[in-house]
Amino acid sequence: GLKPHVAAGFIGDGRVEGTSKLLPGIEERTTSPRKGFGIWQHTGGRRTNLVAFARKHNASPADAIIQTKFVLHELDTYESMAATKINATTNAKDAAKMIAIYFERPNAIALRKSMGKRQSYAEDADKEFMRFYNASHAAPTQKAPVVNDNNPRTVKVKSETTVSLSDILNGTKS
């Protein structure tokens, strides 16, 4: 799973890469044949690998859960250097920065233009994670919530409570 601030960093990054609504079926508007696809705008070989991963799991590449599992797969395999940099962070703002630089790798102009938004969205998501965590009445010494490995779109707040990322982003849980 991911630490909450890293999950928040990926949310911030996804809101810039694809759309602020994290639409998994979105395709980049460009005349280039190398169109980005999905929440994290997988392009070129990474898009091909996403499609193959989805096919292997008998799912659509436009499925948000499959895209999230694929990102985790990338971090565990050929993006392990990026994972090391990302996991070394201690807050959502830095996580978003490392995700952009080492995982997404946009060109320098796009990176410079988007960094503030990536970090702001990540900090917003992190605040929502902490709001739900604090609302769970967890003791201060209890471990922070982590992304649930069985459903990468959920955060385990307490053993009996799970909050989906869509609930957090849409504010449907309080």
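So, how was this worked out
Residues numbered from 1 in each chain as written. Predicted model: local features only at pLDDT ≥ 70, side-chain atom pairs only at ≥ 80, totals over all residues. Heavy atoms only, no water. Core = buried A, V, L, I, M, F, W, Y, C linked by side-chain atoms within 4.5 Å. Buried < 20%, exposed > 50% of the residue type's maximum accessible area, 1.4 Å probe, protein only. Helix = DSSP H or I, 4+ residues; strand = E, 2+ residues; numbered from the N terminus. Contact = heavy atoms within 4.5 Å. Axes fitted to C-alpha atoms, helices over the stretch in contact; angles between N-to-C directions. Parallel < 35°, antiparallel > 145°, perpendicular 65-115°, else oblique. pLDDT = per-residue confidence, 0-100.

A look at the nonpolar core
- One finds Leu-2, Val-6, Phe-10, Val-71, Leu-75, Ile-86 and Phe-103 to be the most contacted residues of the largest nonpolar core, which totals 25 residues.
- Ranked by the residues each element gives to this core, the list is headed by helix α5 (residues 92-104), at six residues.
- Those residues within four positions of Phe-103 in sequence are excluded, and the remaining contacts are Phe-10, Arg-46, Val-71, Glu-74, Leu-75, Glu-79, Ala-82, Ile-86 and Met-98.
- If you look at the next biggest cluster of nonpolar residues, it comprises six residues, including Leu-50, Phe-53, Ala-54 and Ile-66.

Brief notes about the packing of helix α4 (residues 80-87) against α5
- The geometry of α4 relative to α5 is characterised by a closest axis approach of 9 Å and an angle of 170° between their N-to-C directions. Relative to α5, the element α4 lies roughly antiparallel. Packed against α4, whose contacting residues are Met-81, Ala-82, Lys-85 and Ile-86, the element α5 presents Met-98, Ile-99, Tyr-102 and Phe-103 at the interface.

As for the confidence of the model for the chain
- Put simply, the chain has an average pLDDT of 81, and 75% of its residues get 70 or more.
- Segment residues 151-164: pLDDT under 50, and 40 contacts once partners within four positions in sequence are set aside and those in other chains are kept.
- Confidence over residues 166-174 falls short of pLDDT 50; this stretch has twelve contacts with residues more than four positions distant or in other chains.

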